[in-house]
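In case you want the letters, here they are:
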Amino acid sequence: MHQRSVHIFDLYEHPEAGLIAVRRGFSWEGFLLPAVWAVRHGMGWTAVTLMVLTTAVFDLARLTAEVGFGPVEQFVFMLAGITLLGIKPGVDGYLWIGEKRVCEAYVHRGAVAASGRRKAVQAMAGQRFTDRPIVVAA
């Protein structure tokens, strides 16, 4: 039997657009491709900032070669810079999406544990959830 993992979703409601679900937790897409992730979610200035910082990391890695470091050190420096750059969008990415929705006149309606966004929205729309803390089996 296939078991799906359950995630926590924050639900936001807009008077015209309806309900949307935003997952909580670490955003792997935000960590691995921060600028692309920001563009995909319509975060203009965040996307520009992440693109500039990504370019700066590559430029600094290139400069390490001019200082006398070899290709291995250059690659390690670039990898470290990209990893450090991705940590903030990875950790806070879903929070940023929620904040963006609030700025777009969405109202936070609560949080639901579900196996996917669609099921979270369906649970909130149909009021098919309990208002109890989540119990995790050990």
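Here, every reference points to the structure presented above.
Remember, it's a predicted structure, so these values are computed and weren't measured experimentally. (Residues numbered from 1 in each chain as written. Predicted model: local features only at pLDDT ≥ 70, side-chain atom pairs only at ≥ 80, totals over all residues. Heavy atoms only, no water.)

1. So, the environment of I97
(1) Moving on: Checked against the element boundaries, I97 lands in helix 4 (residues 71-103).
(2) Moving on: Between the C-alpha atom of I97 and that of G42, which follows or precedes it by 55 residues, the distance is 9.2 Å.
(3) Moving on: Dropping the residues within four chain positions of it, I97 is found in contact with V22, W37, H41 and M43. (Helix = DSSP H or I, 4+ residues; strand = E, 2+ residues; numbered from the N terminus. Contact = heavy atoms within 4.5 Å.)

2. Side note on helix 5 (residues 117-125)
(1) Moving on: Among all positions in helix 5, only A120, A123 and M124 are buried. Along the axis of helix 5, the buried positions cluster into a sector of 95°, meaning they face one direction only. For helix 5, exposure combined with an orientation more than 90 degrees from the buried face picks out R118 and A125.
(2) Moving on: Looking at the buried side of helix 5, the elements it contacts are strand 1 (7-14), strand 2 (18-23) and strand 3 (107-114). (Buried < 20%, exposed > 50% of the residue type's maximum accessible area, 1.4 Å probe, protein only. Arc of directions from axis to C-beta.)

3. Let's talk about unusual backbone geometry
(1) Moving on: Although it is not a glycine, A105 adopts a positive phi angle of roughly 75°.
(2) Moving on: Mapped onto the elements, A105 comes out in the loop between helix 4 and strand 3.

4. Remarks on the packing of helix 3 (residues 44-67) against helix 4
(1) Moving on: Direction vectors running N to C along helix 3 and helix 4 enclose 165°, while the axes themselves pass 8 Å from each other. Relative to helix 4, the element helix 3 lies roughly antiparallel. The chirality of how helix 3 crosses helix 4 is right-handed. Across the interface between the two elements, T46, L50, L53, T54, V57, F58, L60, A61, R62, T64 and A65 from helix 3 touch Q74, F77, M78, G81, I82, L85, P89 and W96 from helix 4. (Axes fitted to C-alpha atoms, helices over the stretch in contact; angles between N-to-C directions. Parallel < 35°, antiparallel > 145°, perpendicular 65-115°, else oblique. Left-handed = near helix turned anticlockwise from the far one by under 90°.)

5. Looking at the nonpolar core
(1) Moving on: By size, the foremost hydrophobic cluster in this structure holds 12 residues: Y12, V22, A35, W37, A38, M43, A47, L50, L85, Y94, I97 and Y106.
(2) Moving on: Those elements giving two or more residues to this core turn out to be helix 2 (34-40), helix 3 and helix 4.
(3) Moving on: The next biggest cluster of nonpolar side chains, apart from the first, holds eight residues, and it includes F9, A21, V112 and M124. (Core = buried A, V, L, I, M, F, W, Y, C linked by side-chain atoms within 4.5 Å.)

6. A few points about a nonpolar patch on the surface
(1) Moving on: Together, F26, W28, L32, L33, V36, L84, I87 and V91 make up a nonpolar patch on the protein surface, roughly 800 Å² of accessible area in all.
(2) Moving on: Elements that contribute at least two residues to the nonpolar patch include exactly helix 1 (28-32) and helix 4.
(3) Moving on: No other element matches helix 4, which puts three residues into the nonpolar patch.
(4) Moving on: Summarising the element assignment, L84 is placed in helix 4.
(5) Moving on: Assessed through its relative accessible area of 62%, L84 is described here as exposed. (Patch = residues over 30% accessible without salt bridge, like charges linked within 9 Å, V, L, I, M, F, W, Y side chains within 5 Å. Areas by Shrake-Rupley, 256 points an atom, 1.4 Å probe, with all protein chains shown as cover. Salt bridge = Lys/Arg side-chain N within 4 Å of Asp/Glu carboxyl O.)

7. Points about the side chain of H41
(1) Moving on: With respect to the helices, strands and loops of the structure, H41 is situated in the loop between helix 2 and helix 3.
(2) Moving on: A residue is classified by how much of its surface remains accessible, and H41, at 19% relative accessible area, is buried.
(3) Moving on: Excluding residues within four positions of it along the chain, H41 makes contact with E29, I97 and K100.

8. Section: the side chain of R101
(1) Moving on: By the element assignment, R101 lies in helix 4.
(2) Moving on: In terms of polar contacts, R101 uses its side chain to reach the side chain of E104, at 2.9 Å.
(3) Moving on: Aside from chain neighbours lying at most four places away, what touches R101 is Y12, I20 and Y106. (Polar contact = N/O pair within 3.5 Å; in protein donor to acceptor, adjacent residues only side chain to side chain.)

Keep in mind these values describe shape, not function.
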